[in-house]
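Structural overview
One letter stands for each residue in the lines below.
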Amino acid sequence: MMSSKAGSEVLFEKVGNAGVITLNRPKALNALNLTMIRHIYPQLKKWDKDSETDIVIIKGAGEKAFCAGGDIRAVTEAGKAGDSLAQDFFREEYILNNTIGTYQKPYVALIDGITMGGGVGLSVHGRFRVATEKTLFAMPETGIGLFPDVGGGYFLPRLRGKLGLFLALTGFRLKGRDVQRVGVATHFVQSEKIASLEKDLVDLKSPSVSDVAQLLDTYQEQSRLDAEKPFVLQEQTEAIDRLFSAGSVEEIMENLKKDGSAFALKQTEILAKVSPTSLKLTFRQIQEGARMSLQEVLVMEYRLSQACMRGHDFYEGVRAVLIDKDQSPKWKPSTLSGVSEQALEECFSSLAERDLKL
């Protein structure tokens, strides 16, 4: 058993032939900061090349969260101060997301708790993602003047129908078994079985991807909790596909207003509260991401991240939601019609030599 403490915010253990990563900031819901990224990335690279490491498992410390997101307060503070963290955080986080997405060895994320934003980036691109009844998934970035990054432009448009676009724009939260039903998780295992699952994963002898899949399937078959509960959006799936099939955010808003159902009106209300700039960025990100590789998506998202750092809404959203907590951001522009095509175009433009290189 080899254990190393990387400033103890992230722990690495070698248990048999398994590399185990523990995100260890339980009080901060294991929010991902640059220090953690800078420890996880080289460790993954090392284990990928190490003939005595067959599988990688990543999990969060504490009872509540796998990882509730990136440490974006620090990022906005850096942005205001003109500190390079505003570039470094996104660049190195996206490089890590890509490393997970292209990892050669079985990679298992145990998402037993809150998994949002940056936490989704540490799990969803990996080969296996195990949800439990405690899993709470969301990409709530439009509410803070950002967009669903960490490769959201890749995995969201690949969910069935218009579900990904709906989740991206509204920040709708999925819980438990539903996270697996939509495909964000590959498996659902009851929380009480996770410790025993981890032990069995560690005990596998030079497992292939299918060996790991077989073990996870077995655990899933033994987890009947909530199996009878219908998918939370079952009744709205058809409406989501219809209402969110549109050529623009304005068209979606129009569809929702015309529809007039309680569900549609609730979504109108939600979308009216979030950043108009974020909505337009996200709509186009999801549209373009549908035709891109993960690498192309991350390059695009890095451009968008830097546009948000140059803009107004990301700072204002973080202030209103995370710092002052008054929940009343003053977006600029404050309407969808105020967000010009030219402003959008600039956000998607190449950063030339400052572009993300993977």
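Just so it is clear, the structure is predicted and the values come from calculations on it, not from any experiment. (Residues numbered from 1 in each chain as written. Predicted model: local features only at pLDDT ≥ 70, side-chain atom pairs only at ≥ 80, totals over all residues. Heavy atoms only, no water.)

1. Quick notes on the pattern of salt bridges
Filter applied, for reference: Salt bridge criterion: a side-chain nitrogen from Lys or Arg within 4 Å of a carboxyl oxygen from Asp or Glu. Counting from the N terminus, the helices are the DSSP runs of H or I reaching at least four residues and the strands are the DSSP runs of E reaching at least two. Buried means the residue's accessible area, taken with a 1.4 Å probe over protein chains only, is under 20% of the maximum for its type, while exposed means over 50%, and partly exposed covers the values in between.
Considering all chains together, one arrives at 22 salt bridges under this definition. For Glu 9, the salt bridge identified is with Arg 25, shortest N-O distance 3.8 Å. With Glu 9 in the loop between strand E1 (2-6) and strand E2 (10-15) and Arg 25 in the loop between strand E3 (18-23) and helix H1 (34-49), the pair connects residues that are 16 residues apart, well separated along the chain. Judged by relative accessible area, which is 19%, Arg 25 ranks as buried. Among the ionic pairs, Glu 198 bridges to Lys 59, the shortest N-O distance being 3.0 Å.

2. Some words on the packing of aromatic side chains
To keep it simple, the criterion reads: Here a pair means two rings of Phe, Tyr or Trp (six-membered ring of Trp) with centres within 6.5 Å. Their orientation is stacked below 30 degrees between planes, edge-to-face above 60, and tilted elsewhere. Two conditions define a charge located above a ring, namely a distance within 6 Å from the ring centre to NZ of Lys or CZ of Arg, and an angle within 35 degrees of the ring normal.
Under the criterion given, the structure shown has 10 aromatic pairs. Arranged with centres 6.1 Å apart and planes meeting at 75 degrees, the rings of Phe 12 and Trp 47 form a pair that is edge-to-face. Highlighted residues: Phe 12 in strand E2 and Trp 47 in helix H1, separated in sequence by 35 residues. Neither residue differs from the other here; Phe 12 and Trp 47 are each classed as buried. Centre to centre, the rings of Phe 166 and Phe 172 are 5.4 Å apart; their planes meet at 45 degrees, and the pair counts as tilted. Owing to a relative accessible area of 0%, Phe 166 belongs among the buried residues under this scheme. On the accessibility criterion, Phe 172 (22% relative accessible area) is partly exposed. In this structure, Arg 127 packs its charged tip against the face of Phe 128, placed 4.9 Å from the ring centre. Its guanidinium or amino end placed over the ring of Phe 348, Arg 284 lies 4.1 Å from that ring's centre, counting from NZ or CZ.

3. As for unusual backbone geometry
Residues Lys 332 and Pro 333 are joined by a peptide bond in cis, for which omega reads -10 degrees. Mapped onto the elements, Pro 333 comes out in the loop between helix H15 (313-323) and helix H16 (341-348). Unlike most non-glycine residues, Gln 327 shows phi in positive territory, near 55 degrees. Secondary-structure assignment places Gln 327 in the loop between H15 and H16.

Nothing here speaks to function; it is all geometry.
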